[in-house]
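What the coordinates show
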Amino acid sequence: MRVVIAGAGAVGRSVAQELIGNGHHVLLIDKAPGSIRADLVPDAQWLLADACELSSLTEAHLESCDVVISATGDDKANLVTSLLAKTEFAVPRTVGRVNHPNNEWLFSDSWGVDVSVSTPRLMSALVEEAVTVGDLVRLFTFRQSNTNLVELTMPDDSPFVGRRVSEVPWPGDAALVAILRDNSVKTPDPDRSLEAGDELLIVTPQDVETDIARMLSPKK
């Protein structure tokens, strides 16, 4: 997969390193000469250019990439890059970094953003996840499908502790996508049992989040 990342700061470089480690091809774009640090991510391609300019994205051959990640520290730049990528180059998938929580509402398909990642919201969610058991925590929002990725840690007194995944009557269109247990990821196979302390990752429409929390942790 070919990925173009706009913004070669600490966030952009970290994402690039992860993607390259997983076998993907990455191009980093930044308009600041001081951010072009090929020595830090030697396996990436680099381009000194303004990702908000159509000519720069043409030079980057966005028409041949699978994903564009707008990861600068400027929300306006991230929106413009996402919009150009989607409307001018028909990039299949765009991911936009939200720096200021007041701007979250802008990061939608109207601006060409398929997936928005809000750093403040994610940090808040991770804090909640670390201190709560039995409460549903929203980690991520998929704008196009109006669904969320949520996490719930199974409490000891959940009525579904010891039950198989196939026995859980998931409400609506909710789907269990992963079980985190003992520092590893377990696939939600129908015959796999749920255990107290399991972290369940669930993709669900927002309107059934409360139903999920009540079902798995009825005392909450």
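That block above? That's the structure.
Summarised in this report is the structure supplied together with it. (Residues numbered from 1 in each chain as written. Predicted model: local features only at pLDDT ≥ 70, side-chain atom pairs only at ≥ 80, totals over all residues. Heavy atoms only, no water.)

Description of the overall build of the protein chain
The line we're drawing: Think of it this way: any DSSP run of H or I at least four residues long counts as a helix, any run of E at least two long counts as a strand, and we number them from the N terminus. Under the scheme applied here, a residue whose accessible area is under 20% of the maximum for its type counts as buried, over 50% as exposed, and between as partly exposed, the area being computed with a 1.4 Å probe on protein chains only. The contact criterion used is simple: two residues touch if any of their non-hydrogen atoms lie within 4.5 Å. With residues, only the protein chains shown are counted as cover, and all accessible areas are computed by Shrake-Rupley using a 1.4 Å probe. Note on charges: Lys and Arg go in the positive column, Asp and Glu in the negative column, and His and the chain ends are not counted at all. For charged residues, the charge sits on one atom: NZ in Lys, CZ in Arg, CG in Asp, CD in Glu.
Of the regular secondary structure elements, the protein chain holds 5 helices and 11 strands. Overall, the C-alpha framework of the protein chain stretches about 60 × 35 × 30 Å when taken along its three principal axes. Counting over 220 residues, the protein chain shows a buried share of 44%. Once local pairs closer than 6 in sequence are excluded, the contacts in the protein chain between residues at least 24 apart make up 54%. Carbon and sulfur atoms form 52% of the exposed surface of the protein chain, whose accessible area is close to 11200 Å². Considering the protein chain, the positive charge centre built from 19 side chains and the negative charge centre built from 32 side chains are found 3 Å apart.

Examining the nonpolar core
Here is the rule we go by: Take the buried Ala, Val, Leu, Ile, Met, Phe, Trp, Tyr and Cys residues and link them wherever side-chain atoms come within 4.5 Å; each set so joined is a nonpolar core.
Trp170, Leu194, Leu200, Ile202 and Leu216 are the most contacted members of the largest nonpolar core, which totals 19 residues. Looking at this core, the element that brings in the most residues is helix α5 (residues 209–216), giving 4 residues. Sequence-distant contacts of Leu216, that is, excluding residues within four places in its chain, are made with Leu152, Met154, Pro155, Ser158, Pro159, Phe160, Val168, Trp170, Leu200 and Ile202.

A short note on unusual backbone geometry
Even without a glycine there, the phi angle at His61 is positive, about 55 degrees. Tracing the backbone shows His61 in the loop between α2 (54–59) and β4 (67–70). Here the phi dihedral of Ala90 falls at roughly 50 degrees; this positive angle occurs in a residue that is not glycine. Residue position: Ala90 is located in the loop between α3 (75–89) and β5 (93–98). Overall, Ala90 belongs to the exposed group, its relative accessible area being 57%.

So, the environment of Ala8
By the element assignment, Ala8 lies in the loop between β1 (2–6) and α1 (10–21). Setting aside residues up to four positions removed in sequence, Ala8 forms contacts with Arg13, Leu28, Ile29, Asp30, Ser35 and Trp46.

Quick notes on the pairing of strand β6 (residues 115–118)
On a regular strand, each side chain points to the face opposite its neighbour's, so the side chains alternate between the two faces of the sheet. Stated formally: Paired strands are those between which DSSP finds at least two bridges.
Examined bridge by bridge, β5 and β6 share 4 bridges and lie parallel to one another. Across the sheet, residue Gly96 finds its bridge partner in β6, namely Ser116. Across 2 bridges, the pairing between β6 and strand β7 (residues 136–142) is antiparallel. In the strand pairing of β7, Val115 is matched with Phe142.

Focus on the pairing of β7
Where β7 and strand β8 (residues 147–153) come together, 6 bridges link them in antiparallel fashion. Along β8, the bridge assignment pairs Phe142 with Thr147.

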